[in-house]
Amino acid sequence: MLYENIEKLIQYGLKTGLITEDDISYSTNLLLDLFQQDDFEKPEVDTENLDLEEILKNLLDYAYENGILKENSVVYRDLFDTRIMNCLMPRPSQVIGKFHELYEKSPKEATDYFYKLSQDSDYIRRYRIKKDQKWSTDSPYGKIDITINLSKPEKDPKAIAAAKLAKQSGYPKCLLCKENVGYAGRVNHPARQNHRIIPIRINDSDWGFQYSPYVYYNEHCIVFNGQHTPMKIERNTFIKLFDFIKLFPHYFIGSNADLPIVGGSILSHDHFQGGNYQFAMAKAPIEQHFTIPGYEDVEVGIVHWPLSVIRIRSVDEKRLIDLADHILQNWRGYTDEAAFIFAETNNEPHNTITPIARKVGDTFELDLALRNNITTEEHPLGVYHPHAALHHIKKENIGLIEVMGLAVLPARLKTEMELLADAILNKKDVRQIEELEKHADWVEEFLPKYDSITAENVNDILKDEIGHVFTKVLEDAGVYKCTPEGREAFARFIKTL
């Protein structure tokens, strides 16, 4: 069985292009060494049906049964199967060379190659990603995308305990640092031997281009500073975004905000996220145009979107960089007590921006979502953050991906929605079911809307209602509401420009 699965993995490497005929003996010997074998007899295998998940499962089972893999939980299996895949991986310099060679033909050919490699290498685990639940829901702002993220494996208690006891390492400094390439990992840091990064230059500085292992949308990429330096939204941010767009015009690119609550999960390392995907916000039209003195040549308007977004458009990206910096500086210091916008309280700054850049035809486009992270006793997690009544669905920060109209919802919702469907169909009291009690008010609110809920339509109803909750989440995150008063207050800020 071991030889058969080693040979199947070699054939998988050949089929995907991870290795060539010249690499067969080398890769085979690396695998034999990993599995502590001195001998090998090449078996006949079916090369048509090569299922990577099954091959790796068989190899991991063998490693555990023969004492090579000490623990059999998902954390340890993931560390070991990444070592297995390393035996097929091309060197970083080979990947970079091939990328540049293809880039000369077209940026898209280069990214197509790199995205496929990142999946074939099992850095992006296709078989886990496909478990994610995805759908879209109609809203007053267009179709909103929803995903329940099931591809991040749940850690078992043993691995969690081991991670707490593990010696704290400062290497790599974080999950984004370039030193992750080839890193073997540990219980509290994923293995990255099958990970590759493409070096790029933006704003005359060294950055890295890679894909997210969790791909929340098509070709979900991460672009990160070569230095471990904190997130900061400033004029240079806009220069970097457009430098990237000029390198890869078929991608969008955006940045999380640089303040807690309205920022992303990693504020310690300057990075952007992009990809080859059109979000609902990108499709949303401008609902009201404005002219900014000194920028009469730039199209400016408020986007029809639940967050407060100013869209600026021009064929000259330098004009957008100048105007974006002007808007950012004004917003940083802007207070409007009537609209509950405070630039700072007790010397703590509150105003920042989530920017997203793209190219549409020959026109550069920049969306600037105005953000504010003020908290109150009533809203201790943030006034412009999902309010408590919505936490049963979404409590986490509204970062770049959510801002653009994709809900990344916690894995717990899959089980909870299955239990909820059963409770609704069997007319159980949701308040009396411990796991579902938090959903009770929501269920009582939406049930009267439906004349008939059956086994055939209950799941679609729940998906739609989750979508409606997420729309409210986005409305909560908007500093100016989509009401006449909200739009009037928004216009007051734009007049200061």
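Below or above, wherever it landed, is the structure these notes cover. (Residues numbered from 1 in each chain as written. Predicted model: local features only at pLDDT ≥ 70, side-chain atom pairs only at ≥ 80, totals over all residues. Heavy atoms only, no water.)

1. Quick notes on the overall build of the protein
Secondary structure summary: the protein contains 16 helices and 15 strands in total. Relative to the globule expectation of 23 Å for 497 residues, the C-alpha radius of gyration of the protein, 25 Å, shows essentially globular dimensions. Every one of the 497 residues in the protein was classed for burial, and the buried ones make up 54%. For the protein, the share of sequence-separated contacts (at least 6 apart) that also reach a separation of at least 24 residues comes to 64%. By element, 49% of the accessible surface of the protein is carried by carbon and sulfur atoms, the whole surface being about 22,800 Å². Side-chain charges in the protein split into 58 positive and 77 negative, and the spacing between the mean points of these groups amounts to 2 Å. (Helix = DSSP H or I, 4+ residues; strand = E, 2+ residues; numbered from the N terminus. Rg over C-alpha atoms; globule rule 2.2 N^0.38 Å. Buried < 20%, exposed > 50% of the residue type's maximum accessible area, 1.4 Å probe, protein only. Contact = heavy atoms within 4.5 Å. Areas by Shrake-Rupley, 256 points an atom, 1.4 Å probe, with all protein chains shown as cover. Lys, Arg positive; Asp, Glu negative; His and termini not counted. Charge placed at Lys NZ, Arg CZ, Asp CG, Glu CD.)

2. Here we look at the nonpolar core
Phe209, Ile312 and Tyr480 are the most contacted members of the largest nonpolar core, which has 98 residues in total. Sorting elements by how many residues they give to this core places helix 11 (residues 317-332) first, with seven residues. Dropping the residues within four chain positions of it, Phe209 is found in contact with Phe99, Thr111, Phe114, Ile197, Ile198, Ile200, Cys221, Ile222, Val223, Phe224, Phe244 and Tyr251. In this structure, Leu406, Val408, Val443 and Phe470 belong to the second largest nonpolar core, which totals 50 residues. (Core = buried A, V, L, I, M, F, W, Y, C linked by side-chain atoms within 4.5 Å.)

3. Quick word on unusual backbone geometry
Each neighbour pair has its own omega, and for Tyr171 with Pro172 the value is -20°, a cis peptide bond. If you trace the backbone, Pro172 turns up in the loop between helix 8 (157-165) and strand 3 (198-202).

4. Thoughts on the pairing of strand 13 (residues 351-360)
Of all ten residues that make up strand 13, eight are buried, and the element is covered over most of its length. Two strands pair when backbone bridges link them, and strand 6 (residues 252-254) and strand 13 are joined in this way by two bridges, in the antiparallel orientation. Across the sheet, residue Gly254 finds its bridge partner in strand 13, namely Ile356. Strand direction decides the pairing type here: strand 13 and strand 14 (residues 363-372), joined by ten bridges, are antiparallel. Bridge pairing in strand 14 places Asn351 opposite Asn372. Where strand 13 hands over to strand 14, the hairpin turn is made up of two residues, of which Gly361 adopts a positive phi near 65°. (Pairing = 2+ DSSP bridges.)

5. Quick word on the side chain of Thr147
Considering the arrangement of structural elements, one finds Thr147 in strand 2 (residues 142-148). For Thr147, a relative accessible area of 1% translates into the label buried. A distance of 3.3 Å separates a polar atom in the side chain of Thr147 from the backbone oxygen of Gln133. Residue contacts for Thr147: discarding those within four places in its chain leaves Asp132, Gln133, Lys134, Leu406, Ala407, Val408 and Leu409. (Polar contact = N/O pair within 3.5 Å; in protein donor to acceptor, adjacent residues only side chain to side chain.)

6. Quick look at the sheet that holds strand 15 (residues 406-409)
Read from one edge to the other, the open sheet built from three strands follows the order 1-2-15, with strand pairing classed as mixed. Edge strands, defined here as strands with exactly one partner in the open sheet, are strand 1 (133-139) and strand 15. The average angle at which neighbouring strand axes cross in this sheet is 25°, direction not considered. Where helix 15 (residues 458-477) meets the sheet, it contacts strand 1, strand 2 and strand 15, and its direction lies at approximately 65° from that of strand 1. (Axes fitted to C-alpha atoms, helices over the stretch in contact; angles between N-to-C directions.)

7. Remarks on the layout of surface pockets
If a probe as big as a water molecule is rolled over the atoms, it shows which places are left empty. In this model, the second largest pocket occupies a volume close to 660 Å³. Lining the second largest pocket are 29 residues; nearest its centre among them are Asn86, Leu88, Met89, Pro90 and Arg91. In terms of residue count, helix 2 (residues 24-34) provides more of the lining of the second largest pocket than any other element does, five residues in total. (1 Å grid on protein atoms, 1.4 Å probe; cavity = no way out; pocket = protein on both sides within 12 Å on 5 of 7 lines; lining within 4 Å. Points joined across faces, edges and corners; volume = space filled by probe spheres on them.)

8. Structural notes on the packing of aromatic side chains
Taken as a whole and judged by the stated rule, the model has 35 aromatic pairs. Measuring from ring centre to ring centre gives 5.1 Å for Phe209 and Phe248, while their planes differ by 15°; the resulting arrangement is stacked. One end of the pair, Phe209, is in strand 4 (residues 205-211); the other, Phe248, is in the loop between helix 9 (235-247) and strand 6, and 39 residues separate them in sequence. Residue classification places Phe209 among the buried residues on the basis of a relative accessible area of 0%. Ring geometry for Phe209 versus Tyr251: centroids 6.4 Å apart, planes at 45°, classification tilted. In this pair, Phe209 is assigned in strand 4 and Tyr251 in the loop between helix 9 and strand 6, connecting sequence segments 42 residues apart. Judged on exposure class, the residue Phe209 and its partner Tyr251 are both buried. (Phe/Tyr/Trp six-rings, centres within 6.5 Å; stacked < 30°, edge-to-face > 60°.)

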